[in-house]
Amino acid sequence: MILILVSSPILAEQLDFRKTESKSHYNYRYEWLDVNGEKQQLSFSIARTVSNNKFRHFKALSPTRMTKYVKRSLLMAINTLNPRHGKVDLIPQANGVSYSVSGPEQQWVDDTIQMLNERSNESISEFLEKEYYIRFSPFGYTDDKNSISYKPDHKRFISESGDSLKPIIDQLHKKFPNARPKVVATFLLSWVQSIPYDTIESRAINNGAGFLPPLRLIDSNRGDCDSKVTLMASILGQMFSNLRMAIVYVPQHALIGINTPHVKDDYKIDVDGLDYILSEPVGPAIIKWAEISDTSKRYIESDNYKIEILH
(Lines give C-alpha, C1' and ligand atoms only; values in the text may rest on other atoms or scores of the structure.)
Protein backbone atom coordinates (compact mmCIF):
# COMPACT_ATOMS: atom_id res chain seq x y z
CA MET A 1 0.00 0.00 0.00
CA ILE A 2 1.18 3.56 -0.57
CA LEU A 3 1.24 6.23 2.06
CA ILE A 4 -1.36 8.88 1.26
CA LEU A 5 -0.50 12.39 2.42
CA VAL A 6 -1.97 15.84 1.92
CA SER A 7 -0.05 19.07 1.57
CA SER A 8 1.68 20.02 4.81
CA PRO A 9 -0.03 17.15 6.62
CA ILE A 10 -0.85 17.04 10.30
CA LEU A 11 0.00 13.54 11.45
CA ALA A 12 -2.34 11.60 13.67
CA GLU A 13 -0.79 11.28 17.11
CA GLN A 14 -1.36 8.25 19.25
CA LEU A 15 -0.60 9.39 22.78
CA ASP A 16 -0.86 6.01 24.45
CA PHE A 17 -1.53 2.36 23.71
CA ARG A 18 -1.63 -0.19 26.50
CA LYS A 19 -2.44 -3.85 26.52
CA THR A 20 -2.73 -5.70 29.80
CA GLU A 21 -3.80 -9.24 30.49
CA SER A 22 -5.93 -11.01 33.03
CA LYS A 23 -6.71 -14.69 33.32
CA SER A 24 -9.71 -14.41 31.01
CA HIS A 25 -9.34 -11.12 29.10
CA TYR A 26 -7.06 -8.82 27.16
CA ASN A 27 -7.53 -5.18 28.17
CA TYR A 28 -6.85 -2.38 25.71
CA ARG A 29 -6.50 1.35 26.21
CA TYR A 30 -6.06 3.82 23.36
CA GLU A 31 -5.47 7.56 23.69
CA TRP A 32 -4.92 9.97 20.81
CA LEU A 33 -5.41 13.49 19.49
CA ASP A 34 -8.21 14.02 16.98
CA VAL A 35 -8.32 16.39 14.02
CA ASN A 36 -9.12 19.31 16.34
CA GLY A 37 -6.21 18.54 18.63
CA GLU A 38 -8.55 17.28 21.34
CA LYS A 39 -7.61 14.25 23.41
CA GLN A 40 -9.74 11.15 22.82
CA GLN A 41 -9.76 7.83 24.61
CA LEU A 42 -11.20 4.36 24.12
CA SER A 43 -10.87 1.37 26.46
CA PHE A 44 -12.34 -2.11 26.26
CA SER A 45 -11.67 -5.74 27.19
CA ILE A 46 -11.89 -8.75 24.92
CA ALA A 47 -12.14 -12.30 26.18
CA ARG A 48 -9.19 -14.51 25.40
CA THR A 49 -11.49 -17.09 23.84
CA VAL A 50 -12.81 -14.43 21.45
CA SER A 51 -9.39 -13.00 20.65
CA ASN A 52 -8.08 -16.44 19.73
CA ASN A 53 -10.73 -16.90 17.06
CA LYS A 54 -10.60 -18.48 13.62
CA PHE A 55 -8.94 -15.42 12.08
CA ARG A 56 -5.90 -15.69 14.32
CA HIS A 57 -4.09 -17.86 11.77
CA PHE A 58 -5.05 -15.84 8.68
CA LYS A 59 -2.02 -15.42 6.43
CA ALA A 60 -0.94 -14.38 2.96
CA LEU A 61 -2.26 -16.51 0.15
CA SER A 62 0.21 -19.24 -0.83
CA PRO A 63 0.31 -20.00 -4.58
CA THR A 64 2.17 -23.22 -3.78
CA ARG A 65 -0.53 -24.47 -1.41
CA MET A 66 -3.25 -23.47 -3.87
CA THR A 67 -1.50 -25.37 -6.68
CA LYS A 68 -1.24 -28.48 -4.50
CA TYR A 69 -4.93 -28.23 -3.64
CA VAL A 70 -5.91 -27.92 -7.32
CA LYS A 71 -3.60 -30.77 -8.33
CA ARG A 72 -5.09 -33.03 -5.69
CA SER A 73 -8.63 -32.24 -6.91
CA LEU A 74 -7.68 -32.90 -10.52
CA LEU A 75 -6.07 -36.23 -9.64
CA MET A 76 -9.26 -37.31 -7.89
CA ALA A 77 -11.27 -36.37 -10.98
CA ILE A 78 -8.83 -38.15 -13.30
CA ASN A 79 -9.05 -41.33 -11.22
CA THR A 80 -12.77 -41.53 -12.00
CA LEU A 81 -12.10 -41.74 -15.76
CA ASN A 82 -12.02 -44.99 -17.69
CA PRO A 83 -8.39 -45.41 -18.91
CA ARG A 84 -9.65 -47.30 -21.95
CA HIS A 85 -11.10 -44.06 -23.33
CA GLY A 86 -7.87 -42.07 -23.25
CA LYS A 87 -5.05 -40.58 -21.23
CA VAL A 88 -4.63 -37.47 -19.09
CA ASP A 89 -1.22 -36.10 -18.08
CA LEU A 90 -0.78 -33.33 -15.51
CA ILE A 91 1.88 -30.80 -16.46
CA PRO A 92 3.59 -28.97 -13.57
CA GLN A 93 3.97 -25.23 -14.09
CA ALA A 94 5.44 -22.38 -12.07
CA ASN A 95 2.00 -20.88 -11.27
CA GLY A 96 -0.61 -23.57 -11.49
CA VAL A 97 -1.42 -26.89 -13.05
CA SER A 98 -1.96 -27.67 -16.72
CA TYR A 99 -2.90 -30.93 -18.38
CA SER A 100 -2.95 -32.69 -21.73
CA VAL A 101 -5.72 -35.04 -22.83
CA SER A 102 -5.47 -37.60 -25.59
CA GLY A 103 -7.68 -40.39 -26.86
CA PRO A 104 -9.14 -41.96 -29.99
CA GLU A 105 -12.49 -40.18 -29.66
CA GLN A 106 -12.45 -36.40 -29.98
CA GLN A 107 -15.76 -36.05 -28.14
CA TRP A 108 -14.28 -37.81 -25.09
CA VAL A 109 -11.22 -35.56 -25.27
CA ASP A 110 -13.39 -32.42 -25.47
CA ASP A 111 -15.69 -33.55 -22.66
CA THR A 112 -12.73 -34.45 -20.45
CA ILE A 113 -11.04 -31.11 -21.02
CA GLN A 114 -14.27 -29.30 -20.14
CA MET A 115 -14.67 -31.42 -16.99
CA LEU A 116 -11.10 -30.76 -15.87
CA ASN A 117 -11.44 -27.04 -16.56
CA GLU A 118 -14.59 -26.91 -14.44
CA ARG A 119 -13.00 -28.96 -11.66
CA SER A 120 -9.91 -26.74 -11.69
CA ASN A 121 -12.00 -23.57 -11.36
CA GLU A 122 -14.16 -25.14 -8.65
CA SER A 123 -11.12 -26.21 -6.63
CA ILE A 124 -9.61 -22.73 -6.85
CA SER A 125 -12.88 -21.27 -5.56
CA GLU A 126 -12.98 -23.84 -2.76
CA PHE A 127 -9.43 -23.03 -1.70
CA LEU A 128 -10.04 -19.28 -1.79
CA GLU A 129 -13.18 -19.60 0.32
CA LYS A 130 -11.37 -21.77 2.85
CA GLU A 131 -8.54 -19.21 3.08
CA TYR A 132 -10.84 -16.13 3.13
CA TYR A 133 -9.74 -14.75 -0.25
CA ILE A 134 -11.52 -13.70 -3.44
CA ARG A 135 -10.47 -13.01 -7.00
CA PHE A 136 -9.57 -9.40 -7.76
CA SER A 137 -8.71 -7.76 -11.09
CA PRO A 138 -5.53 -5.71 -10.59
CA PHE A 139 -5.13 -2.04 -11.49
CA GLY A 140 -2.87 -2.14 -14.52
CA TYR A 141 0.01 -4.07 -12.99
CA THR A 142 0.08 -6.37 -16.00
CA ASP A 143 -0.45 -6.06 -19.73
CA ASP A 144 -2.84 -9.01 -19.59
CA LYS A 145 -6.32 -7.48 -19.22
CA ASN A 146 -7.69 -10.87 -18.19
CA SER A 147 -5.16 -11.27 -15.40
CA ILE A 148 -6.66 -12.11 -12.03
CA SER A 149 -5.06 -11.57 -8.66
CA TYR A 150 -6.46 -12.27 -5.22
CA LYS A 151 -7.21 -10.23 -2.14
CA PRO A 152 -8.58 -10.91 1.34
CA ASP A 153 -12.35 -11.19 1.36
CA HIS A 154 -12.89 -7.94 3.25
CA LYS A 155 -16.66 -8.14 2.99
CA ARG A 156 -16.68 -11.58 4.60
CA PHE A 157 -14.32 -10.47 7.37
CA ILE A 158 -16.67 -7.56 8.07
CA SER A 159 -19.80 -9.73 8.19
CA GLU A 160 -18.16 -12.36 10.41
CA SER A 161 -16.27 -10.08 12.80
CA GLY A 162 -19.21 -8.28 14.38
CA ASP A 163 -19.71 -10.46 17.46
CA SER A 164 -16.03 -10.34 18.37
CA LEU A 165 -16.15 -6.53 18.40
CA LYS A 166 -19.09 -6.31 20.80
CA PRO A 167 -16.97 -4.96 23.73
CA ILE A 168 -15.90 -2.02 21.54
CA ILE A 169 -19.43 -1.45 20.31
CA ASP A 170 -20.76 -1.47 23.88
CA GLN A 171 -18.26 1.23 24.84
CA LEU A 172 -19.23 3.32 21.83
CA HIS A 173 -22.93 3.06 22.72
CA LYS A 174 -22.09 4.34 26.20
CA LYS A 175 -19.95 7.13 24.78
CA PHE A 176 -22.43 8.16 22.10
CA PRO A 177 -25.95 7.16 23.20
CA ASN A 178 -28.48 7.57 20.38
CA ALA A 179 -25.79 9.05 18.14
CA ARG A 180 -26.18 9.16 14.38
CA PRO A 181 -23.74 7.21 12.20
CA LYS A 182 -21.79 10.31 11.21
CA VAL A 183 -20.90 11.11 14.84
CA VAL A 184 -19.63 7.62 15.54
CA ALA A 185 -17.90 7.36 12.17
CA THR A 186 -16.04 10.62 12.76
CA PHE A 187 -14.80 9.35 16.13
CA LEU A 188 -13.78 5.98 14.68
CA LEU A 189 -12.02 7.71 11.79
CA SER A 190 -9.71 9.61 14.13
CA TRP A 191 -9.05 6.46 16.16
CA VAL A 192 -8.03 4.25 13.26
CA GLN A 193 -5.99 7.06 11.68
CA SER A 194 -3.98 7.30 14.90
CA ILE A 195 -3.16 3.58 14.92
CA PRO A 196 0.35 3.26 13.42
CA TYR A 197 0.42 2.68 9.70
CA ASP A 198 1.83 -0.62 8.52
CA THR A 199 3.56 -0.31 5.15
CA ILE A 200 3.22 -3.28 2.81
CA GLU A 201 3.46 -3.93 -0.90
CA SER A 202 0.69 -3.63 -3.46
CA ARG A 203 -2.32 -5.95 -3.03
CA ALA A 204 -1.87 -7.07 -6.65
CA ILE A 205 1.60 -8.36 -5.80
CA ASN A 206 1.45 -9.58 -2.23
CA ASN A 207 -1.84 -11.54 -2.35
CA GLY A 208 -2.85 -10.46 1.13
CA ALA A 209 0.49 -10.13 2.92
CA GLY A 210 0.09 -7.56 5.67
CA PHE A 211 -3.69 -7.60 5.95
CA LEU A 212 -4.82 -7.96 9.55
CA PRO A 213 -8.36 -8.97 10.55
CA PRO A 214 -9.97 -6.54 13.03
CA LEU A 215 -8.94 -8.19 16.30
CA ARG A 216 -5.39 -8.75 15.13
CA LEU A 217 -5.12 -5.10 14.06
CA ILE A 218 -6.28 -4.03 17.51
CA ASP A 219 -3.94 -6.41 19.29
CA SER A 220 -0.87 -5.51 17.26
CA ASN A 221 -1.71 -1.77 17.18
CA ARG A 222 -0.80 -1.43 13.52
CA GLY A 223 -2.51 -1.80 10.17
CA ASP A 224 -2.58 -0.92 6.49
CA CYS A 225 -5.45 0.79 4.66
CA ASP A 226 -7.38 -2.42 3.88
CA SER A 227 -7.15 -3.54 7.50
CA LYS A 228 -8.28 -0.17 8.88
CA VAL A 229 -11.21 0.12 6.49
CA THR A 230 -12.29 -3.41 7.45
CA LEU A 231 -12.12 -2.61 11.17
CA MET A 232 -14.09 0.61 10.80
CA ALA A 233 -16.75 -0.95 8.58
CA SER A 234 -17.09 -3.96 10.90
CA ILE A 235 -17.91 -1.74 13.87
CA LEU A 236 -20.26 0.59 12.01
CA GLY A 237 -22.06 -2.32 10.37
CA GLN A 238 -22.83 -3.84 13.77
CA MET A 239 -23.90 -0.56 15.34
CA PHE A 240 -26.10 0.54 12.44
CA SER A 241 -27.52 -2.50 10.71
CA ASN A 242 -29.26 -0.47 7.99
CA LEU A 243 -26.24 1.68 7.17
CA ARG A 244 -25.13 1.33 3.55
CA MET A 245 -21.35 1.18 3.21
CA ALA A 246 -18.77 0.36 0.56
CA ILE A 247 -15.05 -0.14 0.20
CA VAL A 248 -13.64 1.98 -2.61
CA TYR A 249 -10.39 0.63 -4.07
CA VAL A 250 -7.97 2.78 -6.00
CA PRO A 251 -4.51 1.58 -7.09
CA GLN A 252 -2.55 0.53 -3.97
CA HIS A 253 -5.10 2.01 -1.59
CA ALA A 254 -8.58 1.64 -0.09
CA LEU A 255 -11.14 4.10 1.30
CA ILE A 256 -14.47 3.74 3.07
CA GLY A 257 -17.74 5.01 1.62
CA ILE A 258 -20.82 5.61 3.76
CA ASN A 259 -24.31 6.52 2.61
CA THR A 260 -25.27 9.13 5.18
CA PRO A 261 -26.68 12.70 5.13
CA HIS A 262 -24.08 15.17 3.92
CA VAL A 263 -23.39 18.81 3.16
CA LYS A 264 -22.34 20.36 -0.11
CA ASP A 265 -18.58 20.19 0.39
CA ASP A 266 -18.45 16.56 1.53
CA TYR A 267 -16.55 14.42 -0.95
CA LYS A 268 -18.88 11.77 -2.37
CA ILE A 269 -19.45 9.42 -5.25
CA ASP A 270 -22.67 8.13 -6.76
CA VAL A 271 -23.30 4.40 -6.48
CA ASP A 272 -26.54 3.20 -8.06
CA GLY A 273 -28.18 6.57 -7.45
CA LEU A 274 -27.03 6.87 -3.82
CA ASP A 275 -24.36 9.24 -2.50
CA TYR A 276 -21.54 7.60 -0.57
CA ILE A 277 -19.37 9.92 1.52
CA LEU A 278 -15.69 8.98 1.22
CA SER A 279 -13.14 9.10 4.04
CA GLU A 280 -9.52 8.01 4.57
CA PRO A 281 -9.05 5.73 7.59
CA VAL A 282 -5.44 4.89 6.79
CA GLY A 283 -3.44 7.67 8.51
CA PRO A 284 -0.95 8.79 9.61
CA ALA A 285 -2.12 12.01 7.99
CA ILE A 286 -5.19 13.44 9.71
CA ILE A 287 -7.81 13.87 7.02
CA LYS A 288 -11.21 15.08 8.13
CA TRP A 289 -14.47 13.22 7.75
CA ALA A 290 -15.77 13.43 4.17
CA GLU A 291 -12.39 14.55 2.80
CA ILE A 292 -9.86 12.47 0.87
CA SER A 293 -6.29 12.98 -0.30
CA ASP A 294 -5.41 14.61 -3.61
CA THR A 295 -3.98 11.29 -4.82
CA SER A 296 -7.26 9.50 -4.15
CA LYS A 297 -9.21 12.31 -5.82
CA ARG A 298 -7.17 11.93 -9.01
CA TYR A 299 -7.99 8.25 -9.20
CA ILE A 300 -11.67 8.76 -8.41
CA GLU A 301 -12.10 11.62 -10.88
CA SER A 302 -10.35 9.68 -13.64
CA ASP A 303 -12.75 6.79 -12.99
CA ASN A 304 -9.88 4.54 -11.92
CA TYR A 305 -11.49 2.82 -8.97
CA LYS A 306 -13.48 -0.26 -7.98
CA ILE A 307 -16.36 -0.51 -5.50
CA GLU A 308 -17.33 -3.34 -3.19
CA ILE A 309 -20.77 -2.78 -1.64
CA LEU A 310 -20.90 -3.98 1.97
CA HIS A 311 -24.47 -3.33 3.15
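As shown above, the structure is provided for reference.
Residues numbered from 1 in each chain as written. Predicted model: local features only at pLDDT ≥ 70, side-chain atom pairs only at ≥ 80, totals over all residues. Heavy atoms only, no water.

Draft legend 1. Summary view of the overall build of the protein. Of regular secondary structure, the protein possesses ten helices and twelve strands. Within the span of the protein, comprising 311 residues, buried residues form 47% of the whole. Counting only contacts in the protein whose residues sit at least 6 apart along the sequence, the fraction spanning at least 24 positions is 62%. Accessible area for the protein stands at about 15,800 Å²; split by element, carbon and sulfur atoms hold 47% of it. (Helix = DSSP H or I, 4+ residues; strand = E, 2+ residues; numbered from the N terminus. Buried < 20%, exposed > 50% of the residue type's maximum accessible area, 1.4 Å probe, protein only. Contact = heavy atoms within 4.5 Å. Areas by Shrake-Rupley, 256 points an atom, 1.4 Å probe, with all protein chains shown as cover.)

Draft legend 2. Quick look at the sheet that holds strand E2 (residues 25-33). Strand order in the open sheet made by the three strands is E1-E2-E3, with antiparallel pairing throughout. Either end of the sheet is taken by a strand with one partner, and the two such strands are strand E1 (13-21) and strand E3 (39-47). With strand direction ignored, the average angle separating the axes of adjacent strands in the sheet is 10°. Where E1 and E2 come together, eight bridges link them in antiparallel fashion. Bridge pairing in E2 places Asp 16 opposite Glu 31. (Pairing = 2+ DSSP bridges. Axes fitted to C-alpha atoms, helices over the stretch in contact; angles between N-to-C directions.)

Draft legend 3. Just the layout of surface pockets, in detail. In this structure, the largest pocket spans a volume of roughly 380 Å³. Every residue lining the largest pocket is counted, 15 residues in all, and those nearest its centre are Met 66, Asn 95, Gly 96, Ile 124 and Tyr 150. With four residues, helix H2 (residues 63-78) is the single largest residue contributor to the lining of the largest pocket. When grouped by side-chain class, the residues that make up the lining of the largest pocket number eight nonpolar, six polar and one charged. (1 Å grid on protein atoms, 1.4 Å probe; cavity = no way out; pocket = protein on both sides within 12 Å on 5 of 7 lines; lining within 4 Å. Points joined across faces, edges and corners; volume = space filled by probe spheres on them. Nonpolar A, V, L, I, M, F, W, Y, C, P; charged D, E, K, R; others polar.)

Draft legend 4. Representation of the nonpolar core. Membership of the largest hydrophobic core comes to 50 residues, with the highest contact counts inside it found for Leu 172, Trp 191, Ile 218, Ile 235 and Leu 236. Secondary-structure elements contributing two or more residues to this core are E2, E3, helix H5 (166-175), helix H6 (181-194), helix H8 (214-220), helix H9 (225-239), strand E8 (245-250) and strand E9 (253-258). Here the element with the most residues in this core is H9; it accounts for eight residues. What Leu 236 contacts, discounting residues up to four positions off in sequence, is Pro 181, Val 184, Ala 185, Leu 188, Leu 243, Met 245 and Ile 258. (Core = buried A, V, L, I, M, F, W, Y, C linked by side-chain atoms within 4.5 Å.)

Draft legend 5. Fine view of the sheet that holds E8. Taken together, five strands build an open sheet; the order of strands is E10-E11-E9-E8-E12 and the sheet is antiparallel. On the outer flanks of this sheet lie strand E10 (268-271) and strand E12 (306-309), each paired with one strand and no other. Here the average twist between neighbouring strands, direction ignored, is 35°. As paired strands, E8 and E12 are joined by four bridges and run antiparallel to one another. In the strand pairing of E12, Tyr 249 is matched with Lys 306.

Draft legend 6. Seen up close, the pattern of salt bridges. If you walk through the whole model with that rule in mind, you get 14 salt bridges. Arg 18 is the partner of Asp 16 in a salt bridge, and the nearest nitrogen-oxygen pair spans 2.8 Å. We classify Arg 18 as exposed; its relative accessible area is 51%. Glu 126 serves as the salt-bridge partner of Arg 119, at 3.2 Å between the closest nitrogen and oxygen. The partly exposed category is assigned to Glu 126, whose relative accessible area is 32%. (Salt bridge = Lys/Arg side-chain N within 4 Å of Asp/Glu carboxyl O.)

Draft legend 7. Summary view of the packing of helix H4 (residues 154-161) against H9. One way to put it is that H4 packs onto H9 with a least axis distance of 9 Å and a crossing angle of 35°. Handedness of the crossing formed by H4 with H9: right-handed. Residues His 154, Phe 157, Ile 158 and Ser 161 of H4 touch H9, and the partners they reach there are Asp 226, Thr 230, Ala 233 and Ser 234. Residues of the contact of H4 with H9, tallied by class, amount to three nonpolar, four polar and one charged. (Left-handed = near helix turned anticlockwise from the far one by under 90°.)

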